[in-house]
Amino acid sequence: MKMEMLTALLRVNQYIAELRPTIAPEARVFVGAQYSPATNADAWTKCVPESGVLIIQLSVRSSEMTPEMLRIVAAHELCHARLHGKFMCAGADTPGAFVPPVLRMRMEQEAVLCSAEMLSP
């Protein structure tokens, strides 16, 4: 499992490097892995408010994905950086910040549409 996770991490990092100039050129991004299977998400993005760096975390589930699926994950998370990066960083800097589920769903839909647009031929 660890080797598969490392492979997924390296692939997503490669895709981030490839896609970032087109999708979110101003974003400063770091890619990491989260070994906890506690979430249903394949990946998620957090912000380090002191630096404005966005951290894309891959879940254990991503180790089972095909390269094309990992490319979609990378594009989706870069779209979050493009569309919601400033919002995420502002919220990360606010103690007790909470994103209502309706807003979270809308953010996900926007990132899905953005990634589909960015990956379409």
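Structural data are supplied above this passage.
## Description of the overall build of the protein
A tally of helices and strands in the protein yields three helices and three strands. Its C-alpha atoms give the protein principal-axis dimensions of about 35 × 35 × 30 Å. Scored against the burial criterion, the 121 residues of the protein give a buried share of 36%. Once local pairs closer than 6 in sequence are excluded, the contacts in the protein between residues at least 24 apart make up 68%. About 7400 Å² of surface is accessible on the protein, with carbon and sulfur atoms providing 60% of the total.

## Brief notes about the state of the cysteines
All chains considered together, the criterion is met by two disulfides. A disulfide bridge connects cysteine 79 with cysteine 114, and the sulfur atoms are separated by 2.1 Å. What sets the handedness of the cysteine 79 and cysteine 114 disulfide is the S-S torsion sign, and at about -70 degrees it is left-handed. Taken together, the residues span a long stretch of sequence, with cysteine 79 in helix 2 (residues 67-92) and cysteine 114 in helix 3 (residues 101-119) at a distance of 35 residues. Residue classification places cysteine 79 among the buried residues on the basis of a relative accessible area of 0%. Once the bonded cysteines of the protein are numbered in order along the sequence, the disulfide links fall as 1-3, 2-4.

## Description of the sheet that holds strand 3 (residues 53-58)
What the three strands build is an open sheet, ordered 1-3-2; its pairing is mixed. Single-partner strands in this sheet number two, and they are strand 1 (29-33) and strand 2 (43-48). Strand-to-strand twist of the sheet, defined as the mean angle between neighbouring strand axes without regard to direction, takes the value 25 degrees. Pairing between strand 2 and strand 3: six bridges, direction antiparallel. Bridge pairing in strand 3 places cysteine 47 opposite leucine 54.

How each quantity is defined
- Residues numbered from 1 in each chain as written.
- Predicted model: local features only at pLDDT ≥ 70, side-chain atom pairs only at ≥ 80, totals over all residues.
- Heavy atoms only, no water.
- Helix = DSSP H or I, 4+ residues; strand = E, 2+ residues; numbered from the N terminus.
- Buried < 20%, exposed > 50% of the residue type's maximum accessible area, 1.4 Å probe, protein only.
- Contact = heavy atoms within 4.5 Å.
- Areas by Shrake-Rupley, 256 points an atom, 1.4 Å probe, with all protein chains shown as cover.
- Disulfide = S-S within 2.5 Å.
- Pairing = 2+ DSSP bridges.
- Axes fitted to C-alpha atoms, helices over the stretch in contact; angles between N-to-C directions.

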